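So the chains spell out like this:
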Amino acid sequence: MTIATDNPAAIGIFDDHASAARSTTRPLRTDVIDTADAFAALRDEWTTLIEAARGHPTAFLNHGFLATWFTYFSGHRPGAWAARLITVREAGRLVLAWPLAIEPYPVKTLRWMGEPISQYGDALIACDGDAAAWVDAAWTKIRALRGIDVIDLARVREDAAIAPFLADKLSPLGTALEAPYLDLTGLASENDLMEAMRSKSRRELRRKIKKLEAIGDITVEALDPGLDCASMTAKGLGFKRLWLDDLGLTSRVFADPRALRLLNDLARTDNDSGFVAIALKVNGHPVAIELGLRRGTRYMAYLGSYNPAYAIHSPGTVQMARMIGW
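Definitions and limits used
Residues numbered from 1 in each chain as written. Predicted model: local features only at pLDDT ≥ 70, side-chain atom pairs only at ≥ 80, totals over all residues. Heavy atoms only, no water. Helix = DSSP H or I, 4+ residues; strand = E, 2+ residues; numbered from the N terminus. Rg over C-alpha atoms; globule rule 2.2 N^0.38 Å. Buried < 20%, exposed > 50% of the residue type's maximum accessible area, 1.4 Å probe, protein only. Contact = heavy atoms within 4.5 Å. Areas by Shrake-Rupley, 256 points an atom, 1.4 Å probe, with all protein chains shown as cover. Pairing = 2+ DSSP bridges. Axes fitted to C-alpha atoms, helices over the stretch in contact; angles between N-to-C directions. Core = buried A, V, L, I, M, F, W, Y, C linked by side-chain atoms within 4.5 Å. Parallel < 35°, antiparallel > 145°, perpendicular 65-115°, else oblique. Left-handed = near helix turned anticlockwise from the far one by under 90°. Nonpolar A, V, L, I, M, F, W, Y, C, P; charged D, E, K, R; others polar. Patch = residues over 30% accessible without salt bridge, like charges linked within 9 Å, V, L, I, M, F, W, Y side chains within 5 Å. Salt bridge = Lys/Arg side-chain N within 4 Å of Asp/Glu carboxyl O.

Engineer: Report on the overall build of the protein, specifying residues and quantitative values.
Structural biologist: When helices and strands are counted, the protein shows eleven helices and 15 strands. For a compact globule of 326 residues, the expected C-alpha radius of gyration is about 20 Å, and the protein comes in at 21 Å, within 12% of that figure. C-alpha extents for the protein along the principal axes are approximately 65 × 45 × 40 Å. The buried share among the 326 residues of the protein stands at 48%. Sequence-distant contacts, at least 24 apart, represent 72% of the contacts inside the protein between residues at least 6 apart. When the accessible area of the protein is evaluated, it comes to approximately 16000 Å², of which 51% is carbon and sulfur surface.

Engineer: Residues and numbers for the pairing of strand β14 (residues 285-295), please.
Structural biologist: Most of β14 is tucked away: nine of the eleven residues are buried. When strand β13 (residues 275-282) meets β14, the two strands line up antiparallel, connected through eight bridges. Residue pairing in the sheet places Ala-277 in a bridge with Leu-291 of β14. Between the end of β13 and the start of β14, which pair antiparallel, lie two residues, with Asn-283 showing a positive phi angle near 55 degrees. Bridge count for β14 against strand β15 (residues 298-306) is eight bridges, and the pairing is antiparallel. Across the sheet, residue Arg-294 finds its bridge partner in β15, namely Tyr-299.

Engineer: Provide a residue-level description of the sheet that holds strand β3 (residues 28-33), including the pertinent values.
Structural biologist: In space, the four strands of this open sheet follow the order β3-β5-β6-β9, with antiparallel pairing throughout. Looking at strand neighbours, the two that pair on one side only are β3 and β9 (124-125), the edges of this open sheet. In this fold helix α2 (residues 43-51) packs onto β5 (85-90), β6 (93-98) and β9, with an angle of close to 80 degrees to the strand it touches most, β6. On the sheet, helix α4 (residues 131-143) packs against β3, β5, β6 and β9 and is oriented at approximately 55 degrees with respect to β6.

Engineer: Run through the environment of Arg-84, naming residues and quoting values.
Structural biologist: One can find Arg-84 in the loop between β4 (82-83) and β5. The exposure class of Arg-84 is partly exposed, given its relative accessible area of 22%. Separated by 16 residues in sequence, Arg-84 and Leu-100 place their C-alpha atoms 5.0 Å apart. With near-sequence residues (within four places) excluded, Arg-84 lies in contact with Val-32, Ile-33, Asp-34, Trp-98, Leu-100, Ala-101, Ile-102, Met-113 and Leu-145.

Engineer: Which residues make up the nonpolar core, and what values do they have?
Structural biologist: In terms of nonpolar packing, the biggest core is built from 81 residues, with Trp-69, Trp-98, Ile-125 and Ile-162 touching the most fellow members. Here the element with the most residues in this core is α4; it accounts for seven residues. Residues Ile-209, Ile-218, Ala-288 and Val-318 belong to the second largest nonpolar core, which totals twelve residues.

Engineer: Residue-level account of the sheet that holds β13, with values.
Structural biologist: Pairing is antiparallel in the open sheet, where four strands are placed in the order β12-β13-β14-β15. Of all the strands in the sheet, just β12 (218-223) and β15 have a single pairing partner and so form its edges. If you compare each strand with its neighbour and ignore which way they point, the axes differ by 20 degrees on average. Examined bridge by bridge, β12 and β13 share six bridges and lie antiparallel to one another. Across the sheet, residue Val-220 finds its bridge partner in β13, namely Leu-280.

Engineer: Can you explain the packing of helix α8 (residues 227-247) against helix α10 (residues 257-268)? Please cite residues and give values.
Structural biologist: Packing of α8 against α10 leaves a shortest axis separation of 7 Å and a crossing angle of 150 degrees. One finds that α8 runs roughly antiparallel with respect to α10. Considering the relative orientation of α8 and α10, their crossing is right-handed. On α10, the residues touching Cys-229, Ala-230, Thr-233, Ala-234, Leu-237 and Arg-241 of α8 are Leu-260, Leu-263, Asn-264, Ala-267 and Arg-268. When grouped by side-chain class, the residues that make up the contact of α8 with α10 number seven nonpolar, two polar and two charged.

Engineer: Can you lay out a nonpolar patch on the surface for me, pointing to particular residues and giving the numbers?
Structural biologist: A surface patch of nonpolar side chains, amounting to about 350 Å² of accessible area, comprises Trp-243, Leu-247, Leu-249 and Tyr-306. By the element assignment, Leu-247 lies in helix α8.

Engineer: An account of the pattern of salt bridges is requested, with residue identities and associated values reported.
Structural biologist: Evaluated as defined, the whole model comprises 20 salt bridges. The partner of Asp-159 in a salt bridge is Arg-298, with the nearest N and O atoms 3.5 Å apart. With Asp-159 in the loop between β10 (150-151) and α5 (163-169) and Arg-298 in strand β15, this pair connects stretches of sequence that are 139 residues apart. Between Glu-204 and Arg-207 there is a salt bridge, with its nearest N and O atoms 2.5 Å apart. In this pair, Glu-204 and Arg-207 are both assigned in helix α7 (residues 199-213), three residues apart and thus about one turn of the helix distant. Classification of Glu-204 by relative accessible area gives partly exposed; the value is 32%. Its relative accessible area of 40% is what places Arg-207 among the partly exposed residues.

Here's what the structure looks like:
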């Protein structure tokens, strides 16, 4: 098999000399989950596993997020992805879940389940026991899968539970990518954030806030899934499409109607996906919108947009500061 990638921490050429499944004192069972009903049946066990998993599982591993992905991307429709979620059980207990799926075109490519929406890929691995033996068992199952031309497991974070094991299974290719993050430890408010900024950045942010305040009252609203969240999400996606069209750009999300329907569904349905829409408003009108997902104390800023009518006021910068304050 050949390999395509843009992240050396994530993917590489098959290593035919990868270690064989390590011995374990308890019997292991591996299965392939390929239907929405089978995945739905895993919900309780999935919740137990993700709450006690290694590393820091991202919101893209929330059961609600992946269940919604099944709705729009799997099944028997033309162009549907083929789910190949690998599970490993030890003495009956679910100890590993490796969410994968085959994209059917242009070539049959094994990717992270959740793409093209998800930004990061990972597996759920229990924090107790022989993780190496579990991963070996899952890897053996993956190598036995049929109908795959290419494997592309990009965007694996350094702190992903699967990262050290992929490094053992695959030879890296491509250039490393980096994602920004902000540690909010010790910051209790937006004022604390301001004080932590460099003086020049702080002055610039305050100047932008005053420009918006000159127009009207600034408010921030964080919306959990529901009708209001769905309405705000639709506005945010509309703002983003205008921005992309103006610059002549596109993206995998906006090029695939299924992805947009999935995001709108996440915004509408409370199914433990972790979805949230945060709107910066001036006189009650949204001028910038951030769509994100959260898991525990971690928030992932997914898609930001702003009302082009307010572009000269830098609403996106102010919205980001207010979102961090939230």
